[in-house]
Amino acid sequence: MADQYARYGDGTRPAEIPAIRWDEPPEGPVLVLLDQTRLPAEEIELVCTDAPALVEAIRNLAVRGAPLLGIAGAYGVALAAARGFDVEEAATSLEGARPTAVNLAVGVGRARAAHRAVLARGGSEEQAAEAALAEARALHREDAEASTRMAAHGLALLDELLPGGGHRVLTHCNTGALVSGGEGTAFAVALAAHRKGRLRRLWVDETRPLLQGARLTAYEAARNEMAYTLLTDNAAGSLFAAGEVDAVLVGADRIAADGSVANKVGTYPLAVLARYHHVPFIVVAPVTTLDPGTPDGASIEVEQRAGHEVTEIVAPQVPMAGVEVGGGIPVAPLGTQAYNPAFDVTPPELVTAIVTEEGVVSPVTAEALAELCDRSRQVTI
Ligand SMILES: CSC[C@H]1O[C@H](OP(=O)(O)O)[C@H](O)[C@@H]1O
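Reading the values: the criteria
Residues numbered from 1 in each chain as written. Predicted model: local features only at pLDDT ≥ 70, side-chain atom pairs only at ≥ 80, totals over all residues. Heavy atoms only, no water. UniProt positions renumbered as here; feature names shortened; annotations may be inferred. Core = buried A, V, L, I, M, F, W, Y, C linked by side-chain atoms within 4.5 Å. Buried < 20%, exposed > 50% of the residue type's maximum accessible area, 1.4 Å probe, protein only. Helix = DSSP H or I, 4+ residues; strand = E, 2+ residues; numbered from the N terminus. Contact = heavy atoms within 4.5 Å. Pairing = 2+ DSSP bridges. Near = heavy atom within 4 Å. Polar contact = N/O pair within 3.5 Å; in protein donor to acceptor, adjacent residues only side chain to side chain. Areas by Shrake-Rupley, 256 points an atom, 1.4 Å probe, with all protein chains shown as cover. Nonpolar A, V, L, I, M, F, W, Y, C, P; charged D, E, K, R; others polar. Arc of directions from axis to C-beta. Phe/Tyr/Trp six-rings, centres within 6.5 Å; stacked < 30°, edge-to-face > 60°. Lys NZ or Arg CZ within 6 Å of the ring centre and 35° of its normal. Expected span 1.5 Å × (residues − 1).

An unreviewed UniProt entry lists the protein chain under the name Methylthioribose-1-phosphate isomerase, with Streptomyces ruber as the source organism. UniProt, in its Sequence similarities (unreviewed entry) section for the protein chain, records the words "Belongs to the EIF-2B alpha/beta/delta subunits family. MtnA subfamily."

> How should the nonpolar core be read in this particular structure?
Nonpolar side chains in soluble globular proteins tend to end up buried together. Within the largest apolar cluster, 47 residues are counted, with the highest numbers of intra-cluster contacts made by L31, L33 and L54. Counting residues per element, this core draws most heavily on helix α2 (residues 66-82), at 12 residues. Not counting residues within four places of it along the chain, the set of residues in contact with L54 comprises L31, L33, C48, V63, A72, G76 and L94. Membership of the second largest hydrophobic core comes to 29 residues, among which are L231, V261, A285 and L369.

> Even after reading the chapter, I still don't get the UniProt feature "site: Transition state stabilizer" (unreviewed entry) in the protein chain, so can you show me in this structure?
Per the UniProt annotation, the sites labelled "site: Transition state stabilizer" (unreviewed entry) are C173. Positionally, C173 belongs in the loop between β5 (167-171) and α6 (186-195). By relative accessible area, C173 is classed as buried at 6%. The contact partners of C173, leaving out residues within four places of it in the chain, are R64, D205, T207, Q212, G213, T217 and K264.

> Explain the sheet that holds strand β9 (residues 254-256) here, please?
Reading across the sheet, the four strands line up as β12-β9-β10-β15 and stay open at both edges, with mixed pairing between neighbours. The sheet terminates laterally at β12 (290-291) and β15 (343-346), the two strands that pair on one side only.

> Explain the site of the ligand here, please?
Close to the ligand lie 17 residues; R64, R98, D253, N263 and K264 are nearest. Within the side chain of R64, a nitrogen or oxygen atom sits 2.6 Å from an oxygen atom of the ligand. Side-chain polar atom of R98 to an oxygen atom of the ligand: 2.7 Å apart, as the coordinates give it. Relative to its free-state accessible area of 400 Å², the ligand is covered by the protein chains to the extent of 100%. Within the residue set of the shell around the ligand, elements represented by two or more residues are α2 and β10 (261-264). Class assignment for the residues of the shell around the ligand results in seven nonpolar, six polar and four charged.

> How should the pairing of strand β16 (residues 353-356) be read in this particular structure?
The two faces of the sheet receive side chains in turn, since in a regular strand these alternate between them. Alternating residues of β16 divide into A353 and V355 and I354 and T356, and every residue in both groups is buried. Bridge count for strand β11 (residues 281-284) against β16 is three bridges, and the pairing is parallel. The residue bridging I282 from the neighbouring strand is A353, located in β16. Sheet topology note: the β16/strand β17 (residues 359-361) ladder contains three bridges and is antiparallel. Following the sheet pairing, I354 is matched in β17 by V361. A loop of two residues connects β16 with β17, the two strands running antiparallel in sequence.

> Looking at this model, I keep getting lost on helix α9 (residues 267-276). Mind explaining?
The periodicity of an α-helix, 3.6 residues per turn, causes residues three or four places apart in sequence to face the same way. Listing the buried residues of α9 in full gives T267, L270, A271 and A274. In a view along the axis of α9, the buried residues occupy a sector of 100°, so they form one face of it.

> Teacher, can you tell me more about the packing of aromatic side chains here?
The description of an aromatic ring pair rests on the distance of the ring centres and on the angle between the ring planes. By the definition in use, this model includes one aromatic pair. Positioned over the ring face of F343 is K264, at 4.2 Å from the centre of the ring.

> What am I meant to see in helix α7 (residues 212-223) here?
Between its first and last C-alpha, α7 extends 15 Å over 12 residues, near the 16 Å set by a 1.5 Å rise per residue. In terms of burial, α7 is a largely internal element, nine of the 12 residues being buried. Along α7, the residues classified as buried are Q212, G213, R215, L216, T217, A218, Y219, E220 and A221. As for α7, its buried residues are in contact with β4 (43-48), β5, α6, β6 (199-205), β7 (228-231) and β10. Immediately downstream of α7, the backbone of E225 shows phi near 55°, a positive value.

Below, the structure is given as structure tokens:
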């Protein structure tokens, strides 16, 4: 079950509420999530005491973003183990909660393998639970370190591609601390540029239908006092045409072996616009998002979400006259069918560079990605 753990919004909240944290109150271990469906109006933490509650939070995007899904999946396995639930059952439900972000299955797999390894050598369930938690904590820490290194590599690339500083960067969806153990992926690069005084403007796509840009990226940009401007997704083309975009920075949910990039729907059109307007299109993602096991973009399963996310405006999470909390405000005739893929796939030839914590891949080729994966494994080992 999940319950509201704390409500902030009256200025009493801590300086930074982490997107995810493990806690061990007297009544037993819990996984605490900053509920991203309530942002930016309310900062409410959800408390998960079992895998079903976490699966629901993942499916509802209370917790979201590829790297954070991996971390949450690993902690979910540890939570099941710590509370004596069936770990294999929990792992299976967690890894299937959302299909596109490869990180989720990777994180679940790491914690499950750690748990299994202890049992295989005759360890106790308690020791196995401790091993699963240690693996989740390690993944959390590694992702934070990866975020810092991606930010450095990404800023160096921006400075190389755009001499003279004053970068005007367009981003899509949300790729900041709310998707990461650290400061994020693409957003972390923009934040690094901001801190160095080299971010002239962050153009923030609102990112229909769930508005991760308007609700979450704007929230993170405001918290960091960045120069940002929100736009509707369909206004991006006019910005390119006006020469107002120096580079596009986006995240990724899965990168296939050939360099095809699955990311929030609306990313592919930006890549086409960037190519047409000769603007660098840069993908920022940790190595855990690279998936050598998926050969190409056509092999990536794109999550199809419920039509009501399109036919209704996401209602604010505070009571409004005539709208139940959490309900949507219909904007289309009742019974309207909707097409609602959560992601789209950008082919490698439209990607200027992929920035990872292990370095930059450009041009994007299967060979270069394979070499980087091998190098990363060597580093990991
Ligand atoms: C860098 S991970 C963030 C990535 O995840 C988002 O998808 P969702 O909000 O559905 O989890 C989007 O694709 C972002 O680029």
